[in-house]
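Spelled out from the first residue to the last, the chains are:
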Amino acid sequence: MYGQIVRDGLVNVTGIEDLGLTSPVLQRTSDAFFKEISPFLLHFGMFVPTIIGQCTPEQQAKWLPLAMDLKIIGTYAQTELGHGTFIRGLETTATYDASTEQFILKTPKLSSYKWWAGGLGKTANHCIVLAQLYTKGVCHGPHPFIVQIRDTETHMPLPGIKVGEIGPKLGFNTADNGFLGFEDFRIPRENLMMKNAQVTKDGTYVKVARHGKLTYGTMVFVRVMLVSDMAYCLAKAVTIAVRYSAVRRQSQPKPDQPEPQVLDYLTQQHKLFICISTAHAMKLTSTWLWNTFTGVLADMRDGNTDTLPELHALSSCLKAISTSDTSALIEQCRFACGGHGYMYSSNLPALYSFATATRTYEGDYTVLLLQTARFLVKSWEQMDEGKPLTPTLAYLEQSRNGSQVSWDDSPEGIVRGFDAVAAGRIGACVKSIRKHINNGMDYEDAWQMTTVQLVGAAEAHCRAVICRVYRDETARLTAGCSPGVKAVLDQLSTLYLLYWALERTGDLLRFSSLSERDIENLQARYEALLLKIRPNAVGLVDAFDFRDEVLMSTLGSYDGRVYERLMEEALKTPLNREPVSDSFHKYIKPMMQGKL
Ligand SMILES: CCCCC/C=C\C/C=C\C/C=C\C/C=C\C/C=C\C=C\C(=O)SCCNC(=O)CCNC(=O)[C@H](O)C(C)(C)COP(=O)(O)OP(=O)(O)OC[C@H]1O[C@@H](n2cnc3c(N)ncnc32)[C@H](O)[C@@H]1OP(=O)(O)O
Ligand SMILES: Cc1cc2nc3c(=O)[nH]c(=O)nc-3n(C[C@H](O)[C@H](O)[C@H](O)COP(=O)(O)OP(=O)(O)OC[C@H]3O[C@@H](n4cnc5c(N)ncnc54)[C@H](O)[C@@H]3O)c2cc1C
């Protein structure tokens, strides 16, 4: 299995090398080689980006050609057995020895072992290691080091290195996630990635970057990328589910009528059409986020880090919500396919196992929403002090006078309704924190007592951002479309707004003038819209344009030969090589004969 995956991975990455890492075609079709993950994903997904983001130009000149020419294979080892979220709590140490101009890497105890890095188990021979940097007896916090862990000729672990695979997981089982421990392992001073902080030969620590969190830059980059990855992943799942639902016929709602396509059931449309809309919403939002990200990078190149906090807040909540929505909606696609959706050959289980992992790695859902909440509360307090708000929080102004937003069920009105919900929920958090403080709590405890509400407020803010971006970008992009295309894309964006308005009626009742009659109208409009979208449903997923080799699904192939493909895959199962398994003779027959 591992050998096959590495072989496929090399075919894939040499394609990337030929056409360039940024080639979306190859980045996307890499999953035509794997049902799960390439063991080289971390090399390109984090090792290379970290060299670019955390190394000086001189260090890049040394390491980047080696990495891009695949002369070294890397990964990103930050998480430890004992710490993943709390990076400041990482236990691996890198202590500078001025007498030899080296850092000594140590794994003080079991919980300090690096754990999880993709490709670390058996593939990588180098890795980025996040370790607590000590020099002259002072700890300067976690810093990135580039470390060779295996001999590039023999691939044997170097002396002082303990490395291996962490074992089977829910998914990602072709990523050979590994563990790594150091026993007084020495690396040259120059292996500290010195773009944001340096250690001179005599051991003096020099802080370069103005912002203390630039070390975390790779995580921001990957979080931004993951939003786009989720749109892609969900688009594949809904392509499979809609095509299968067009082939599958089941039940007889009317006597003497043929069994209908299950896609004709309103409940099936309710399960699946929001998946089509969400894939579009996340794709458009990811492009908007990428443009925001590149703008902040440009600011930072000019020495201005003022826009970084908003980017961190946006990338945190959008990564959390896109991965959470995608995991839930891919499972919904699986549910919509009945028993055959549970077949590994449908590819829905693998898509789900990938998406649900993404809700955890690169920052746990709850933790990242709390990061966003931290920014939201700070922004509210700045608004109270009369300071300007950042662009994505402009809607807070409307809440300043505390008046309730009047409900308007036009698309723009619904977007304003979500702004009001976000503003109201942030305001409620601020009120809760202040109440706890007035009752004698310190700020940290008051914050902790409000965290359930803070997670909700961050989700509401993120939903408001997605709704606004989806609607605005759809309007912008369809301006030049034919009326027919514009009508269908407007239907999808309106469906997204109506779906979430119905999901959040409690919040809308609390923070807008929404009435029960308004809710009835929303429900009626939503159901009518499902019927309008039905004729275009298959065309809409065909428009995602996935080749069968990329979908790798018995249920979702373009030719619709579902039952034939299911049987073809079944017959390939090793258990079907012989009519009678030898377990019959070893165990079942003796048992039947009372001989066990
Ligand atoms: C083979 C073919 C493939 C080709 C592929 C090519 C390209 C593909 C590219 C990408 C593909 C996508 C995916 C593939 C890659 C990876 C997936 C697989 C592996 C996964 C890897 C990992 O999981 S790596 C480990 C990730 N770990 C985390 O995310 C840890 C999460 N924890 C944290 O971020 C922080 O610890 C914390 C922020 C949650 C809390 O830390 P703490 O010190 O307590 O911070 P505070 O809360 O006190 O905040 C301090 C201030 O710092 C600000 N801040 C925090 N983080 C950031 C940040 N990242 N950026 C900027 N600012 C930050 C925070 O706001 C506070 O500021 P204030 O004090 O001003 O409020
Ligand atoms: C498939 C996969 C691949 C991975 N690949 C890599 C890799 O290549 N490199 C790497 O370095 N790491 C990798 N990771 C590790 C990943 O980054 C961590 O698992 C992730 O950051 C979460 O940290 P944790 O596992 O320590 O969970 P924890 O942080 O321990 O979370 C456990 C629970 O505690 C809660 N919690 C934690 N902190 C707080 C808080 N402050 N407030 C409220 N609740 C809190 C969480 O919400 C969660 O419910 C990978 C993980 C997975 C699943």
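Residues numbered from 1 in each chain as written. Chains lettered and ligands numbered in written order. Predicted model: local features only at pLDDT ≥ 70, side-chain atom pairs only at ≥ 80, totals over all residues. Heavy atoms only, no water.

1. Concerning the domain arrangement of the protein
Domain boundaries assigned for the protein yield domain 1 (2–208) and domain 2 (217–539). The C-alpha-based centres of domain 1 and domain 2 are spaced at 33 Å. Listed per partner, the contact involves 18 residues of domain 1 and 22 residues of domain 2. Interface of domain 1 and domain 2: buried area, both sides summed, is about 1500 Å²; carbon and sulfur atoms make up 60% of it. Taken together, domain 1 and domain 2 are joined by zero salt bridges. (Domains from an automatic or database assignment. Contact = heavy atoms within 4.5 Å. Buried area = accessible area lost by both parts, 1.4 Å probe. Salt bridge = Lys/Arg side-chain N within 4 Å of Asp/Glu carboxyl O.)

2. Quick notes on the site of ligand 1
Contacts to ligand 1 come from 37 residues, most closely from Thr85, Arg88, Arg223, Gln371 and Arg374. Within the side chain of lysine 378, a nitrogen or oxygen atom sits 2.9 Å from an oxygen atom of ligand 1. When ligand 1 is considered free in solution it has 1500 Å² of accessible area, and contact with the protein chains removes 86% of it. At the level of secondary structure, the elements contributing two or more residues to the shell around ligand 1 comprise helix 1 (2–19), helix 3 (41–54), helix 5 (217–247) and helix 9 (365–384). With seven residues, the top contributor of residues to the shell around ligand 1 is helix 5. Looking at the shell around ligand 1, you find at least three residues from each of domain 1 (2–208) and domain 2 (217–539). (Near = heavy atom within 4 Å. Polar contact = N/O pair within 3.5 Å; in protein donor to acceptor, adjacent residues only side chain to side chain. Areas by Shrake-Rupley, 256 points an atom, 1.4 Å probe, with all protein chains shown as cover. Helix = DSSP H or I, 4+ residues; strand = E, 2+ residues; numbered from the N terminus.)

3. Concerning the site of ligand 2
Looking at ligand 2, there are 20 residues lining it, with Tyr76, Thr79, Gly84, Thr85 and Asp364 nearest. Residue glutamine 78 places a main-chain N or O atom 3.0 Å away from an oxygen atom belonging to ligand 2. Within the side chain of aspartate 364, one N or O atom sits 2.6 Å away from an oxygen atom of ligand 2. The protein chains hide 64% of the 960 Å² of surface that ligand 2 would expose on its own. The greatest single-element share of the shell around ligand 2, amounting to three residues, is contributed by helix 9.

4. Some thoughts on the packing of aromatic side chains
According to the stated counting rule, one finds 16 aromatic pairs in the structure shown. On the basis of an interplanar angle of 55 degrees and a centroid distance of 6.3 Å, the ring pair of tyrosine 499 and tyrosine 526 is categorised as tilted. Residue tyrosine 499 is found in helix 12 (residues 483–503), and its partner tyrosine 526 is found in helix 14 (residues 516–533); the two are separated by 27 residues along the sequence. This pair shows no difference in class: tyrosine 499 is buried, exactly as tyrosine 526 is. When the ring centre of tyrosine 365 is taken as reference, the NZ or CZ atom of arginine 359 above it lies at 3.9 Å. Between the NZ or CZ atom of arginine 463 and the centre of the ring of tryptophan 500, over which it lies, the distance is 3.6 Å. (Phe/Tyr/Trp six-rings, centres within 6.5 Å; stacked < 30°, edge-to-face > 60°. Buried < 20%, exposed > 50% of the residue type's maximum accessible area, 1.4 Å probe, protein only. Lys NZ or Arg CZ within 6 Å of the ring centre and 35° of its normal.)

5. So, the UniProt feature "domain: Acyl-CoA oxidase C-terminal" (unreviewed entry) in the protein
With numbering aligned to this structure, UniProt lists the feature "domain: Acyl-CoA oxidase C-terminal" (unreviewed entry) at residues 411–593. Note that residues 411–593 is 77% helix and 0% strand, and that its end C-alpha atoms are spaced 72 Å apart. (UniProt positions renumbered as here; feature names shortened; annotations may be inferred.)

6. Comments concerning the packing of helix 6 (residues 266–301) against helix 12
As a packed pair, helix 6 and helix 12 sit with axes 9 Å apart at the nearest point and diverge in direction by 110 degrees. Put simply, helix 6 runs roughly perpendicular to helix 12. Where helix 6 crosses over helix 12, the handedness of that crossing is left-handed. Here His270, Phe273, Ile274, Ile276, Ser277, Thr278, His280 and Ala281 of helix 6 lie close against helix 12, whose contacting residues are Leu489, Leu492, Leu495, Tyr496, Tyr499 and Trp500. Each residue belonging to the contact of helix 6 with helix 12 can be placed in one class, and the counts come to 10 nonpolar, four polar and no charged. (Axes fitted to C-alpha atoms, helices over the stretch in contact; angles between N-to-C directions. Parallel < 35°, antiparallel > 145°, perpendicular 65-115°, else oblique. Left-handed = near helix turned anticlockwise from the far one by under 90°. Nonpolar A, V, L, I, M, F, W, Y, C, P; charged D, E, K, R; others polar.)

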